[in-house]
Amino acid sequence: MKPKHVAIIMDGNGRWALKRGLKRSAGHLEGSKILEHLAMHAIDAGIEVLSVYAFSTDNFKRSAEEVNYLMDLFIKMFKTKFAKLNKKGIKVVFSGRKINLRSDVIEAMEYIEDNTKQNTAGILNICFNYGGQEEIVDASLKIHEDIVNGKIKEDDVTKELFSKYLYQDLPPIDLLIRTGGELRVSNFMLYQMSYTEFYFTNTLFPDFSKSEFNKALFIYENRDRRFGNVK
Ligand code: IPE
Ligand code: IPE
Ligand code: MG
């Protein structure tokens, strides 16, 4: 069966650039073009939700130069690509903490979310200033607040309800792709990955083509998902 929700850890931009004697920023720019193509392609392939890891809370540890470049790139990308994604019918949502982000970045996010919220062709969930453990902590605090306010009762808290308190209420991740050769999840969507199928590739993200994406889908479709059951 086709995956409903695919997530991508878009890793390897820096190495892609350094291999070519370029600055790391050149890899981020190339990666942003690939993301646009993949988002359009995922919709055509009938995927309902595509989640992408664009900037982690821990990426703030990088140099101010790189962090600023990534923030500027984010704004630039949306100014130039927004119309195309919107025309395709893609609803864009964001996951992550808004604190610590520049006001122009937050404004761009709000503009995009507001102006694509009626779209129904598919969802692009952009994880920006995102951390999986942070998301679980933030959801727990919101649940606690609603219990204190009397909106919900302690007995109402099930794993299904918990998932509604995450940054976005999305189906569980069926397939996770990580480019760039590392075999780890780097604090990405931990709650949503309980039964996710993993696909790791050495391909660096700026080289990750539609045909490689299709290959990951093909491999996924041949996996045997048992969810703890027996056949
Ligand atoms: C992923 O590429 C993009 C972000 C983390 C923003 P990297 O920048 O981590 O590239 P490598 O892993 O250093 O090659
Ligand atoms: C994960 O990549 C974050 C993004 C792709 C945005 P990193 O390059 O930050 O992860 P580590 O440091 O290799 O674990
Ligand atoms: Mg990396």
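See the structure shown above.
Residues numbered from 1 in each chain as written. Chains lettered and ligands numbered in written order. Predicted model: local features only at pLDDT ≥ 70, side-chain atom pairs only at ≥ 80, totals over all residues. Heavy atoms only, no water.

**Some words on helix H7 (residues 210–221)**
Inference 1: Here H7 is 12 residues long and its end C-alpha atoms lie 17 Å apart, about the 16 Å a rise of 1.5 Å per residue gives.
Inference 2: The complete set of buried residues in H7 reads Glu-212, Phe-213, Ala-216, Leu-217 and Tyr-220. One face of H7 carries all of its buried residues, which in axial projection span an arc of 150 degrees. Of the exposed residues in H7, the ones pointing more than 90 degrees away from its buried face are Ser-211 and Phe-218.
Inference 3: Structurally, H7 contributes buried residues whose contacts are with strand E1 (5–9), helix H2 (24–44), strand E5 (175–178) and strand E6 (197–200). (Helix = DSSP H or I, 4+ residues; strand = E, 2+ residues; numbered from the N terminus. Expected span 1.5 Å × (residues − 1). Buried < 20%, exposed > 50% of the residue type's maximum accessible area, 1.4 Å probe, protein only. Arc of directions from axis to C-beta. Contact = heavy atoms within 4.5 Å.)

**Considering the packing of H2 against H7**
Inference 1: With their axes 10 Å apart at the nearest point, H2 and H7 run at an angle of 45 degrees to one another. With respect to each other, H2 and H7 are oriented oblique. You can see that H2 and H7 cross each other, and the crossing is right-handed. Taken together, the residues of H7 that come into contact with H2 (itself represented by His-37, Leu-38, His-41 and Ala-42) are Lys-210, Phe-213 and Asn-214.
Inference 2: A class-by-class count of the residues in the contact of H2 with H7 yields 3 nonpolar, 3 polar and 1 charged. (Axes fitted to C-alpha atoms, helices over the stretch in contact; angles between N-to-C directions. Parallel < 35°, antiparallel > 145°, perpendicular 65-115°, else oblique. Left-handed = near helix turned anticlockwise from the far one by under 90°. Nonpolar A, V, L, I, M, F, W, Y, C, P; charged D, E, K, R; others polar.)

Just geometry here; none of it tells us what the structure is for.
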